[in-house]
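Structural description and commentary
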Amino acid sequence: MGVCNAIERIVPVERPTAMSASHLPKVAGINASSRSPARAAAPLDHLPAAPGVVIQDRLAGWVSDLTTLHELTERLATTSSLNEALDELLRAGAALAGARRGLVVCEPADGLGPVTTLGLGLGPADLGQLETVPRRVSTYGRLLDGSAGTGGEAVAAADLLGDSALDPRQREVAVRLGYGASYAVPLDAAEPVNAAGPVPADGSPAAGGSLTGDGSLTGGTARSSGVVSGRLGAAVWLYDEPAEPGERQRHLIGLYSRYASAHLARLLELERARTHSATLTGELLPGRLPRVPGVRLAARHRTGRHGGGDWYDALPLPGAALGLAVGSVSGSGPGAVAAMGRLRASLRAYAVMEGEDPVAVLSDLELLLRLTEPARSATALFAYAEPGQSKIVLAGAGHAPPLVVGERRAEFVETTLSAPLGMLTCWEAPSVELWPAAGETVLLYTDGLLRCTGDSTDRAFGRLREAAARVPASARHDPGEVADHVLRSVLPRGWDAPGQQPDGPAHTDDIVLLAARFGTP
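In what follows, the accompanying structure is described. Everything numeric here is computed off the predicted structure, so don't read it as measured data. (Residues numbered from 1 in each chain as written. Predicted model: local features only at pLDDT ≥ 70, side-chain atom pairs only at ≥ 80, totals over all residues. Heavy atoms only, no water.)

Points about the overall build of the chain
Our working definition: Runs of H or I in DSSP of at least four residues are treated as helices and runs of E of at least two as strands, each being numbered from the N terminus. Note on exposure labels: buried denotes an accessible area under 20% of the residue type's maximum, exposed denotes more than 50%, and partly exposed covers the range between, all computed with a 1.4 Å probe on protein chains only. Here a residue-residue contact requires only that any non-hydrogen atoms of the pair lie within 4.5 Å. In these tables, accessible area is a Shrake-Rupley quantity obtained with a 1.4 Å probe, and a residue counts as shielded only by the protein chains included in the view.
Of the regular secondary structure elements, the chain holds twelve helices and 17 strands. A buried classification covers 46% of the 521 residues belonging to the chain. Long-range contacts, defined here as pairs at least 24 residues apart, represent 70% of the contacts in the chain between residues at least 6 apart. For the chain, the accessible surface area stands at approximately 26000 Å², while carbon and sulfur atoms represent 54% of it.

Observations regarding the pairing of strand 11 (residues 378-386)
Note the following rule: Pairing between strands requires that DSSP locate at least two bridges from one strand to the other.
Most of strand 11 is tucked away, with eight of its nine residues classed as buried. Pairing between strand 10 (residues 321-332) and strand 11: eight bridges, direction antiparallel. Residue pairing across strands places Leu324 opposite Ala383, the latter belonging to strand 11. Relative to strand 12 (residues 391-397), strand 11 is paired through seven bridges, and the arrangement is antiparallel. Bridge pairing in strand 12 places Ala380 opposite Ala397. Adjacent in sequence and paired antiparallel, strand 11 and strand 12 are bridged by four residues, among which Ser390 carries a positive phi angle near 55°.

Comments concerning the pattern of salt bridges
The criterion, for reference: Put simply, a salt bridge is a Lys or Arg side-chain nitrogen that is within 4 Å of an Asp or Glu carboxyl oxygen.
One pass over the structure, following the stated rule, counts 24 salt bridges. For the salt bridge of Asp65 with Arg248, the shortest nitrogen-to-oxygen distance reads 2.8 Å. Within this pair, whereas Asp65 is found in helix 2 (residues 51-77), its partner Arg248 is found in helix 7 (residues 247-284), the two being separated by 183 residues in sequence. By relative accessible area, which is 15% here, Asp65 ends up buried. For Arg248, a relative accessible area of 49% gives the class partly exposed. The salt bridge involving Arg370 is made with Glu366; its shortest N-O contact spans 3.2 Å. Placement of both Arg370 and Glu366 in helix 9 (residues 358-372) is noted, with a separation of four residues, approximately one turn of the helix. For Glu366, a relative accessible area of 2% gives the class buried. Each member of the salt-bridge network shares a partner with another, and the members are Arg100, Arg101 and Asp240.

Let's talk about the sheet that holds strand 11
Defined as follows: A fitted line through C-alpha atoms represents every axis, and for helices the fit uses only the stretch in contact; the resulting angles, taken between N-to-C directions, go from 0 to 180 degrees.
Strand order across the open sheet formed by five strands is 9-10-11-12-15, with antiparallel pairing between neighbours. Each end of this open sheet is capped by a strand with a single partner; those strands are strand 9 (308-317) and strand 15 (432-434). Geometrically, the sheet is characterised by an average inter-axis angle of 15° between neighbouring strands, direction not taken into account. Here three bridges tie strand 12 to strand 15, and the two strands are oriented antiparallel to one another. Bridging from a neighbouring strand, Ile392 pairs with Leu434 of strand 15.

Here's what the structure looks like:
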């Protein structure tokens, strides 16, 4: 039986439902707002509302709550980094709880980190004040440590200053920061919260599943349980005056926090995977750049969200020469990182034996890749530099051309088109000679630098050249400053800082930029 049928059966038929004049139906020739005769009927305000009206009010409230919850979870699902999700959690929770300020502490129970604290309406000094409160008496500390009395449930302190047993330091901080009540909820990512597995990247439930009224997922395909579980942290919202959320608000906050915990668990797992991948990549790349007379080197590397296989190298060669290399292995993740390490090590060996012939170096590398890893391809560029003569001989395999930056020019080196390594049965391409002037910087980079701009290839090349041309004169003497200026000018906000990711959609490409400044000004 449908809801409408139920309402019709509940409403008595022998007596019309009471309604005010403003709700009378409009009928042709009758003004519903006109005054009724004095004998029309006695006021019905003292009569109880009909059951149908009560049901309609309740249904309207449920629909409003579900709509609010859906909008907030949709916004949370668009977050792609841990800090971004924690910030959204704070703001949504404050709207539901009716609070103005709050903080969230991310402190996974497994001890693997990362540990971070974010505030809403609280500056670093305010957060520092809150951290001086003994952990055993603070609401979030009791939740994180599982102290007696919390039981994994929300903790409400409706009147902090009115509590005679309040810790003196906690009272002092509350008075100084001007809050009189708090409401804290744990952030738990346990199996009962999301039995269908972690929330996918787009924030939707598991395949075929849906979000039910109790915050769980039903009807979806079960996924692997490789996501972080257990206590992830706690969120606390602060009230300026003694107050606490009502039962309806608590219910909504509970549903939202459970959904948020599942999303945070997945982002936490991705954050750890990126950290591990970046650590592994860093170990496979040069720990420091060599010092060769007549040239100064600087390198910048950023690991993509999935961890790619981009690399760079600089190694001294016999005869006061220098070998410079950049490259990118197809794919992403640990497999691509491992393949990158093997390819870089092989290129170093070939460079030592026959570095003066870049074509031979890349030909040997291509043969090795085709025999040992036939399912992969790679782009690479190797340059044999003789700083004493200001001469560079280079060859590229499907790689972007170098960019020369100087006082009078910022132009790409004209290289021949060639296929990536592993794409042809026999790779070969002619080499190119380059004669950089004293004080000029040669930039070698990977395709990730172009793709991270979000522009088409032609526009990305144009932005890169324009950024190089606008390097300030005071920065041209340092290859590191040249590289930093180019990154700040070309990439989205956040990519120019080590360990940061751009705002907006996640990017999977690594970025490599190797700068070599030749001669003296």
